[in-house]
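Summary of the model geometry
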Amino acid sequence: MKKESGRKRQEGRIVLSADGSLRVPDRPTIPYIQGDGTGVDIWPAGQRVLDAAVAKAYGGKRSIDWLRVYAGQEAMDRFGEPLPAGTLAALRLYRVGIKGPLTTPVGRGMRSVNVALRQALDLYACVRPVYHVPGVPSPVRNPERVNMVIFRENTEDVYAGIEWKKGSKAAKKVLRFLNEEMLAGSGRRIRADSGIGVKPVSVRGTQRIVRMAIRHALREGCPSVTLVHKGNIMKYTEGAFREWGYQLARKEFGRKVAFEEDGPEAGGRRGKGRPVIKDRIADAMFQQVLLRPEEYSVICTLNLTGDYLSDACAAMVGGLGMAPGGNLGDGRALFEATHGSAPRYAGQDKVNPSSLILSGVSMLEYMGWGEAGTMIREALTRTIRRRTVTYDLERQMRAEGRKGVKLLRCSEFADAICRNMN
């Protein structure tokens, strides 16, 4: 029986073609990580919605063969390590996966399992679509104006994890080198009681994330790609990201795009379906997405800024509970709930599964199963517009004075979405 199951799973492998496209069988094997904390609640709900949509969209001719793998606290409890080799092997073999939230201690213990997954699988792009689902409460007046995709570089910047603890032998060695060799005669010194971190930004890392962002804009007909950076201060890292990004755009995409820095008349940049390549300083960008969100359709940025900016934009459309995300490499992807594990709510069948569900939509679209993804989006919108929601949205709706709001448990919310599918 095990050999038969293994053979079927081999037949269910998603294959990368020579042209970079994916060949997806009708019953692909998809590894999943349930996740820590509230993963025990949101994963069964999300899986039920995904399975229902695939079955209905394709009349039962397609389905997903789910393969459970482990990471995070659940893996520690089971195997004594947060990221088992078998999990990485399965994600490499089957190419597309999805996961719930994973717990990482703050200031102690293991580094982020999320970051380790991205680096081990070279998932260099964190892709976060940001859009408003009609009916979801929002802190801004016109959340429907927000419709963008954020491409965040995933492997470099301060998230590379190259740092040394204050007072450690390694930190003292680095401090000595910096103060005595690199800063000698400059009048500057790094304090002896400092922890030290390194911020690498490479040409290769920059160009491949910018390339992915521009290809997305061209494929989807997006009007602009904005490089977001702090190059006015960090000139040789953030500033280099801007410079190398523009170089890549001019060299590889030429007349397919236009450039804001060339002026408004350069190549007739309006009305000809060519995305405009532009850039913004990071701190100013936080103001721009609030005041002029419709001017930004694709954002491309480095790791730390991308982390802050994607969460801030998610807040504009209802919070992380409504925010999908995925980590993409070349022919490989791992989609994820973007919020934390919220262990105090684990097992209460309470939390909103929409982030995981919408990440599943992104996964289906990545696989070329967009019909099922559209079915889920529309069913989710119907469910929320009928004010049948989980506690987070119910609380916000009542605070706004909406009438007729019905509180659902996590599992009941998933059932309602399934009922609302056409």
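Here the structure is shown first, and the text comes after it.
This structure is a prediction, so every number in the text was calculated from the model and none was measured.

Conventions we followed
Residues numbered from 1 in each chain as written. Predicted model: local features only at pLDDT ≥ 70, side-chain atom pairs only at ≥ 80, totals over all residues. Heavy atoms only, no water. Helix = DSSP H or I, 4+ residues; strand = E, 2+ residues; numbered from the N terminus. Polar contact = N/O pair within 3.5 Å; in protein donor to acceptor, adjacent residues only side chain to side chain. Contact = heavy atoms within 4.5 Å. Phe/Tyr/Trp six-rings, centres within 6.5 Å; stacked < 30°, edge-to-face > 60°. Buried < 20%, exposed > 50% of the residue type's maximum accessible area, 1.4 Å probe, protein only. Lys NZ or Arg CZ within 6 Å of the ring centre and 35° of its normal. Core = buried A, V, L, I, M, F, W, Y, C linked by side-chain atoms within 4.5 Å. Axes fitted to C-alpha atoms, helices over the stretch in contact; angles between N-to-C directions. Parallel < 35°, antiparallel > 145°, perpendicular 65-115°, else oblique. Left-handed = near helix turned anticlockwise from the far one by under 90°. Nonpolar A, V, L, I, M, F, W, Y, C, P; charged D, E, K, R; others polar. Expected span 1.5 Å × (residues − 1).

**A closer look at the side chain of Asp157**
Looking at where Asp157 falls in the secondary structure, it is placed in the loop between β7 (147-153) and β8 (163-164). In this structure the side chain of Asp157 is engaged in a polar contact, spanning 2.4 Å, whose partner is the side chain of Lys199. A distance of 3.3 Å separates the side chain of Asp157 from the backbone nitrogen of Asn303, its partner in a polar contact. Apart from residues no more than four positions distant in its own chain, Asp157 is found in contact with Val198, Lys199, Pro200, Glu238, Leu302, Asn303 and Leu304.

**Comments concerning the packing of aromatic side chains**
Enumeration according to the criterion identifies 8 aromatic pairs in this entry. Ring geometry for Trp43 against Trp66: centres 5.2 Å apart, planes inclined by 85°, an arrangement best described as edge-to-face. Residue Trp43 is found in helix α2 (residues 39-57), and its partner Trp66 is found in strand β4 (residues 65-69); the two are separated by 23 residues along the sequence. Note on Trp43: relative accessible area 2%, which makes it buried. The buried category is assigned to Trp66, whose relative accessible area is 11%. Residue placement shows Arg62 over the ring face of Tyr58; its charged tip is 4.5 Å from the ring centre. Cation over ring: Lys350 sits above Tyr391, and NZ or CZ is 4.6 Å from the ring centre.

**Some points on the nonpolar core**
With 81 residues, the main nonpolar core has Ile384 and Met421 as its most contacted residues. Residue contributions to this core peak at 8 residues, all from α2. Residues contacting Met421, with those up to four places away along its chain left out, are Val49, Ala52, Ala53, Lys56, Met375, Ile376, Ala379 and Arg382. Judged by nonpolar contacts, the second largest core, of 15 residues, contains Leu67, Leu88, Leu102 and Val113.

**Remarks on the environment of Glu412**
By the element assignment, Glu412 lies in helix α14 (residues 410-419). Residues Glu412 and Ala312, spaced 100 residues apart in sequence, show a C-alpha to C-alpha distance of 29 Å.

**Section: the packing of α2 against helix α12 (residues 370-385)**
Helices that pack against each other are described as a pair by the angle of their axes relative to one another and the distance between those axes. Following both chains from N to C, one finds α2 and α12 inclined at 120°, their axes separated by 9 Å at the closest point. With respect to their mutual orientation, α2 and α12 come out oblique. Seen from above, α2 lies across α12 with right-handed handedness. On α12, the residues touching Val49, Leu50, Ala53, Val54, Lys56 and Ala57 of α2 are Glu371, Ala372, Met375 and Ile376. Looking at the contact of α2 with α12 residue by residue, the classes come out as 8 nonpolar, no polar and 2 charged.

**As for helix α10 (residues 303-316)**
With 14 residues, α10 extends 20 Å between its outermost C-alpha atoms, agreeing within 8% with the 20 Å of an ideal straight helix rising 1.5 Å per residue. Of the residues making up α10, those classed as buried are Asn303, Thr305, Gly306, Asp307, Leu309, Ser310, Cys313, Ala314 and Met316. Backbone geometry just after α10 places Gly318 at a positive phi near 125°.

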